[in-house]
Each structure stands twice: as C-alpha cells, then as structure tokens.
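Coordinate inspection notes
Spelled out, the chains give:
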Amino acid sequence: QAGNSKILFVSDDINWTREWFESFKHDTICSSVTYYDGSPIEAFNIMLNAKSLIISPSTYARWAAYLNKHTDKIVICPKQSFWVNNVSLLDNWKQI
C-alpha cells in the first residue's frame, strides 16, 4: 500500500534531491520521507537491506540493487539504454 510506505532518499547530492522532491505532496504517496545524509558506505548498506529500490543509472546503485539480500526485492531502474549495451538486468527488475 503506497500510503503506508516510507521513502528514504540516498544521493550523492542530498540537498538537490531534497529541494527537487520537496515540491511533491508526499502524504498522498507515503507516510514519511527521509533524506539520508551519511557516508557512502552506510548508504550502500542501507540499499543492500531495502525491500524495494528505485535506482539511478549508476554502477553504485546497480551494484547495491544486485547485491541486495532480499530475494523478493522490487527494483525499478531506468531503461537499459542509460547503461552500456552489454549490461544485463535481473528478471525481477522493472524498467521505466
């Protein structure tokens, strides 16, 4: 249920992320929004343990999603054209 979901943004530019996403009305999408502003290693660990990920076209995000411990995880990623052509996606990844 989207209304009960919690969103945690992890970014190498958290200030831009906060400014951009603050313009959305979050209470219709989720119950809480948090912007993580810690170390890259801690952020990677958070992504390894998330049940769902919406990732950017970066190798950092892709590896975190690939190594994520949940076998039933949901990964939403950009169309493959953002990555090099020889990158394969896992079957349970959804492209937008």
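Residues numbered from 1 in each chain as written. Predicted model: local features only at pLDDT ≥ 70, side-chain atom pairs only at ≥ 80, totals over all residues. Heavy atoms only, no water.

**Concerning the environment of lysine 73**
Applicable threshold: The helix and strand labels rest on DSSP assignments: H or I over at least four residues marks a helix, E over at least two residues marks a strand, and numbering proceeds from the N terminus. In this scheme, a residue with accessible area under 20% of its type's maximum is buried, one over 50% is exposed, and one in between is partly exposed, where area comes from a 1.4 Å probe on protein chains only. In this analysis, two residues are considered to be in contact whenever any of their non-hydrogen atoms come within 4.5 Å of each other.
Within the secondary structure, lysine 73 is located in the loop between helix H3 (59-67) and strand S4 (74-77). The class for lysine 73 is buried, based on a relative accessible area of 9%. Sequence-wise, lysine 73 and asparagine 92 are 19 residues apart; in three dimensions their C-alpha atoms are separated by 7.8 Å. Other than its neighbours up to four places away in sequence, lysine 73 contacts Lys51, Ala65, Tyr66, Asn68, Asn92 and Trp93.

**Examining a nonpolar patch on the surface**
We apply this condition: Only residues whose relative accessible area exceeds 30% and that form no salt bridge are eligible for patches; like-charged ones are grouped when within 9 Å, while nonpolar side chains (Val, Leu, Ile, Met, Phe, Trp, Tyr) are grouped when within 5 Å. Note on areas: these come from Shrake-Rupley sampling with a 1.4 Å probe, and a residue is covered only by the protein chains present in the view. Criterion for a salt bridge: a side-chain nitrogen of Lys or Arg within 4 Å of a carboxyl oxygen of Asp or Glu.
Together, Trp63, Tyr66, Leu67 and Leu90 give the surface a local cluster of nonpolar side chains, amounting to about 400 Å² of exposed area. For leucine 90, the location among the structural elements is in the loop between S4 and strand S5 (93-95). With relative accessibility at 32%, the residue leucine 90 sits in the partly exposed group.

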